[in-house]
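Reading the structure
Residues per chain are reported as follows:
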Amino acid sequence: MSKKLADFQLPDEKGYFGEYGGSFIPPALQVIIDEITDAYNKIKVDKEFIEELQSLYTHYVGRPSPLFYARNLSRKVGGAQIYLKREDLNHTGAHKINHCLGEALLAKKMGKKIIIAETGAGQHGVALATAAALVGLECHIYMGVVDIAKEKPNVTRMKILGARVVPVTRGTQTLKDAVDAAFEAYLEDPVNQLYAIGSVVGPHPFPMMVRDFQQIVGIEARKQFQEMTGKLPDNLVACVGGGSNAIGLFTAFLHDKSVKIYGVEPSGRGLDDGDHAATLTLGKPGVLHGFHSYLLQDKEGVPLPVYSVASGLDYPGVGPQHSLLRDLERVNYVTADDKESIDAFFELSRVEGIIPALESAHAVAFALKLAAELPQDKTILVNLSGRGDKDLDFVMDNYGKDYEIK
Ligand SMILES: *Cc1c(COP(=O)(O)O)cnc(C)c1O
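Residues numbered from 1 in each chain as written. Predicted model: local features only at pLDDT ≥ 70, side-chain atom pairs only at ≥ 80, totals over all residues. Heavy atoms only, no water.

1. Describing the side chain of histidine 292
Relative to the assigned elements, histidine 292 resides in strand E12 (residues 291-295). The contacts of histidine 292, once residues within four sequence positions are left out, are Glu19, Tyr20, Gly21, Phe24, Pro285, Gly286, Val287 and Pro320. (Helix = DSSP H or I, 4+ residues; strand = E, 2+ residues; numbered from the N terminus. Contact = heavy atoms within 4.5 Å.)

2. Notes on the packing of helix H14 (residues 338-352) against helix H15 (residues 358-373)
Geometry of a packed helix pair, given as the angle between the helix axes and the separation of the axes. At a closest axis distance of 8 Å, the pairing of H14 and H15 adopts a crossing angle of 90°. Between H14 and H15, the interaxial angle falls into the category roughly perpendicular. Seen from H14, the contacting residues are Glu340, Ser341, Ile342, Ala344, Phe345, Glu347 and Leu348; seen from H15, they are Leu358, Ala361, His362, Val364, Ala365, Leu368 and Lys369. Here the contact of H14 with H15 is composed, by residue class, of 9 nonpolar, 2 polar and 3 charged. (Axes fitted to C-alpha atoms, helices over the stretch in contact; angles between N-to-C directions. Parallel < 35°, antiparallel > 145°, perpendicular 65-115°, else oblique. Nonpolar A, V, L, I, M, F, W, Y, C, P; charged D, E, K, R; others polar.)

3. Points about the domain arrangement of the protein
Each assigned domain of the protein is listed here: domain 1 (17-57 + 96-211) and domain 2 (64-93 + 215-403). Listed as interface residues are 28 residues of domain 1 and, on the opposing side, 31 residues of domain 2. Counting each side, the surface lost to burial between domain 1 and domain 2 is near 2400 Å², with a carbon and sulfur contribution of 65%. Counting across the domain 1 and domain 2 interface gives 0 salt bridges. Listed by contribution, the elements that provide at least two residues to the side of domain 1 that touches domain 2 are strand E2 (20-21), helix H2 (47-61), helix H4 (96-109), helix H5 (123-135), helix H8 (175-188) and helix H9 (206-214). A breakdown of the residues in the side of domain 1 that touches domain 2 according to their chemical character gives 13 nonpolar, 12 polar and 3 charged. (Domains from an automatic or database assignment. Buried area = accessible area lost by both parts, 1.4 Å probe. Salt bridge = Lys/Arg side-chain N within 4 Å of Asp/Glu carboxyl O.)

4. Points about the pattern of salt bridges
Within this structure, the stated rule accounts for 19 salt bridges. When the shortest N-O distance is used, the salt bridge between glutamate 347 and lysine 76 registers 3.1 Å. Taken as a pair, glutamate 347 in helix H14 and lysine 76 in helix H3 (residues 71-77) lie far apart in primary sequence, 271 residues in all. Exposure remark for glutamate 347: the relative accessible area of 24% places this residue in the partly exposed category. When its relative accessible area of 55% is taken as the criterion, lysine 76 is described as exposed. The closest approach of N and O atoms between arginine 170 and glutamate 184, which form a salt bridge, is 3.1 Å. Separated by 14 residues along the polypeptide, arginine 170 in the loop between strand E7 (164-168) and H8 and glutamate 184 in helix H8 bring together distant segments of the chain. The class for glutamate 184 is partly exposed, based on a relative accessible area of 41%. (Buried < 20%, exposed > 50% of the residue type's maximum accessible area, 1.4 Å probe, protein only.)

5. Some remarks on the site of the ligand
Around the ligand, the structure places 15 residues, and the nearest of them are Lys96, Ser199, Gly243, Ser244 and Ser385. At 2.6 Å from an oxygen atom of the ligand is found a side-chain nitrogen or oxygen belonging to serine 199. Separating an oxygen atom of the ligand from a side-chain N or O atom of serine 244 is a distance of 2.7 Å. Partitioned by chemical class, the residues of the shell around the ligand number 3 nonpolar, 10 polar and 2 charged. (Near = heavy atom within 4 Å. Polar contact = N/O pair within 3.5 Å; in protein donor to acceptor, adjacent residues only side chain to side chain.)

6. Let's talk about the environment of alanine 310
Looking at the secondary structure, you find alanine 310 in the loop between E12 and helix H13 (320-327). Using a relative accessible area of 1% as the deciding quantity, one classes alanine 310 as buried. Residues alanine 310 and isoleucine 36 lie 274 residues apart in sequence; the distance between their C-alpha atoms is 31 Å. Ignoring anything within four residues of it in the chain, the contact list for alanine 310 reads Leu358, Glu359 and His362.

What follows is the structure, given as structure tokens:
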């Protein structure tokens, strides 16, 4: 395989990043998805669309999100200097609003009436319901009844925002069944509806489109870091579920050879016993949800059950561009486990007064390990993808006793 830097600017016309990506869907659905590709390719160079999205980023989301030098944390570790890109300060508390606004605006421009999606823990559902309320679209969120019971605050949020939460009662009644149900509903009325995928996954054009909407994170961070330090960061760190916040940060730095890049996957309760979601660490290429990528699967190619303490990271696949970046060895994919991430969750809260999302705590956990190994004149830029408000009860119920100050 060619290792040309130009490869990072993919995908090609058919949606391939090297051998990964593409579109593996029924012909009837392909016709509909092609319309989305055409509409997106027109709109992404349309001045009015670009300005409208930029204006919403500034006045609605609160961009640019700050870059924060974590002096206390860096001193405590005693190694490299740690900087945080504060996506947790965005409206709705995470990076997901960046692509949900893009997808909702695209739906509106395409004349759609309804935007639909699945959600697991409810984070994508809440961000999309928010964007739909603002842009003026109906919003239908498909959610397994097991998840509905588990994620009550997010279900309430979606309802208050005016979205319809459609309970999914089939199969295991969780995320994968919600995806199937949402796809079926989409096929029933593709004229009035647009399916909004929640990460850089799914058939072409979604991995490209969601990446493009998230690129703002890295573009801002690169400029902010140079203004603050006069240099580029030596290392980038971001957590990887489907991979949208990570690719959002990485894209602006892929050509900077001096910048080492780390994507952090959840090793859960440990890589040996199967209770993890370390797709690029232990997976093999295969097809899931309409695209070819690394995948945690059994010998027959059936996706394996996955687990992480951070529900936003437990997906058996990963965005196709990450699979290419892994093969090209441009990004190092590493892991952090539950325990290290909970430790990092409390450490960042207590040393800097910032409560991270459990997903983002995986990136912080790895950054702490990396910083300890590096000299003090090196720097690490971490994407703090979201805030921990959604995780407070879960963390206190399950880990509170171990971390209580007496
Ligand atoms: C959903 C989510 C993630 C994981 O999704 P990616 O597509 O891998 O970024 C990470 N952090 C937060 C805060 C999330 O809500």
